[in-house]
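Geometric and topological summary
Each chain, letter by letter, is given below.
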Amino acid sequence: MKPTLIALMMSAAALVAAPAFADGEKPVAGTYVFDPDHSAAAFEYEHMGFSNSFGLVRGITGQITLDPEDPSKSSVEASFPLSSLLTVAATLDGHARGKDLFDNEDGTEVVTFKSKQVTVKDDDEAEVLGDLTLNGVTKEVTLDVDLKKAGMHPMLNKPTVGFEAETEIKRSDFGLGLYAPAVGDEVEVKISVEASQQ
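Residues numbered from 1 in each chain as written. Predicted model: local features only at pLDDT ≥ 70, side-chain atom pairs only at ≥ 80, totals over all residues. Heavy atoms only, no water.

1. Details of the overall build of the chain
Condition: Strands are runs of DSSP state E lasting at least 2 residues, helices are runs of H or I lasting at least 4, and numbering of each runs from the N terminus. Relative accessibility under 20% of the residue-type maximum defines a buried residue, over 50% an exposed one, and the middle range a partly exposed one, all with a 1.4 Å probe and only protein chains included. In what follows, residue pairs with any heavy atoms lying within 4.5 Å of each other are defined as contacts. Computed with a 1.4 Å probe, the accessible areas rest on the Shrake-Rupley method; for each residue, only the protein chains presented here act as cover.
Tallying secondary structure elements over the chain gives two helices and 11 strands in all. Listing each helix as α and each strand as β along the chain from the N terminus yields α-β-β-β-β-β-β-α-β-β-β-β-β. Counting across all 198 residues of the chain, residues that qualify as buried make up 46%. A sequence separation of at least 24 residues applies to 64% of the contacts in the chain between residues at least 6 apart. As displayed, the chain has an accessible area near 9,400 Å², and 48% of this comes from carbon and sulfur atoms.

Here's what the structure looks like:
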């Protein structure tokens, strides 16, 4: 169930590859490093038709390379350990990392996303296609990305960007389909990323 969270993560992460900057600001070309304190993914799945359950992935790390002149050359990479994935209950966290799902009790397994293609939709929207590796399985995932803001960070005094992204994955695609379809196979993922040049 929580595995769906990672899709996210996704991640997330691909958000940073959007083409242009909001509010008329032009992006500064270069590499932006994720701020893990302000980058996360939330996921949601249905529980037996009675309720929707939620989870969170904290502290996503990664980097975005922006090319304002040719956004299609932009890219993003993101990752997080399973220990960063939290459900609504500690018992579910333990179950997710147990033998029936991730089989990674210490939470050291790393979930990764690496972009392959950026398709510009308009000034502040893009689709980012990339490879999500989860539970030892790699599948293509498409993120719908929106640029929130680009500009100088008022505290860091560094070029900074913020993105939000959405996607949906199937747990069963990654060998994590336990109890599907009673417990939803489809997991909706929302990602928020803040990244600054170093």
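2. Some points on the pairing of strand S1 (residues 30-34)
Selection criterion: When DSSP finds two or more bridges between two strands, those strands count as paired.
Pairing between S1 and strand S4 (residues 61-66): four bridges, direction antiparallel. Directly across from Tyr 32, in S4, lies its bridge partner Ile 64. Across two bridges, the pairing between S1 and strand S11 (residues 186-196) is antiparallel. Bridge pairing links Val 33 to Ser 196 in S11.

3. Considering a negative patch on the surface
Under the convention used in this document: Nonpolar side chains (Val, Leu, Ile, Met, Phe, Trp, Tyr) are joined into patches within 5 Å and like charges within 9 Å, using only residues with over 30% relative accessible area and no salt bridge. Every case where a carboxyl oxygen of Asp or Glu lies within 4 Å of a side-chain nitrogen of Lys or Arg is listed as a salt bridge. Lys and Arg are tallied as positive, Asp and Glu as negative. Neither His nor the chain termini are counted. In this description, the location of a charge corresponds to atom NZ of lysine, CZ of arginine, CG of aspartate or CD of glutamate.
On the surface, Asp 122, Asp 123, Asp 124, Glu 125, Asp 144, Asp 146, Glu 166, Glu 168, Glu 186 and Glu 188 cluster together into a patch of negative charge. For Glu 125, the position within the fold is in strand S8 (residues 125-134).

4. What to know about the environment of Val 110
Structurally, Val 110 is set in strand S7 (residues 110-122). Sequence spacing of Val 110 and Ser 79 is 31 residues, and the spatial spacing of their C-alpha atoms is 6.6 Å. Excluding residues that lie within four positions of it along the chain, Val 110 makes contacts with Ser 79, Phe 80, Pro 81 and Thr 133.

5. Here's the deal with the packing of aromatic side chains
Our working rule: Stacked, edge-to-face and tilted labels apply to pairs of Phe, Tyr and Trp rings (six-membered ring for Trp) whose centres lie within 6.5 Å, assigned for plane angles under 30 degrees, over 60, and everything in between, in that order.
Considering all chains together, one arrives at one aromatic pair under this definition. Here Phe 43 and Tyr 45 contribute two aromatic rings whose centre-to-centre distance is 6.2 Å and whose plane-to-plane angle is 10 degrees, an arrangement assigned as stacked. For the residue pair Phe 43 and Tyr 45, the accessibility class agrees, reading buried in each case.

6. Quick word on the side chain of Ser 196
Where we set the bar: Under the rule applied, a polar contact is a pair of N or O atoms within 3.5 Å (in protein, one hydrogen donor and one hydrogen acceptor; residues adjacent in sequence only if both atoms are side-chain atoms).
As for its position among the elements, Ser 196 is in strand S11. A distance of 2.7 Å separates the side chain of Ser 196 from the side chain of Thr 160, its partner in a polar contact. Not counting residues within four places of it along the chain, the set of residues in contact with Ser 196 comprises Thr 31, Tyr 32, Val 33, Leu 156, Pro 159 and Thr 160.

7. Quick look at the environment of Pro 159
Here Pro 159 shows up in strand S10 (residues 159-170). The sequence separation of Pro 159 and Gln 198 amounts to 39 residues, and the corresponding C-alpha distance is 8.7 Å.

8. Considering the pattern of salt bridges
Oppositely charged side chains are able to pair whenever their charged atoms sit close together. One pass over the structure, following the stated rule, counts five salt bridges. Where Asp 70 meets Lys 73, a salt bridge forms, and the shortest distance between an N and an O atom there is 3.9 Å. For Asp 70, a relative accessible area of 26% corresponds to the partly exposed category. A relative accessible area of 58% places Lys 73 in the exposed class.

9. Some details on unusual backbone geometry
Following Ala 180, the chain continues into Pro 181 via a peptide bond in cis, with omega recorded as 5 degrees. Along the chain, Pro 181 falls in the loop between S10 and S11. In this model, Met 48 sits at a positive phi of 55 degrees, which is unusual for a non-glycine residue. Mapped onto the elements, Met 48 comes out in the loop between strand S2 (40-47) and strand S3 (51-57). Overall, the relative accessible area of 47% leaves Met 48 in the partly exposed class.

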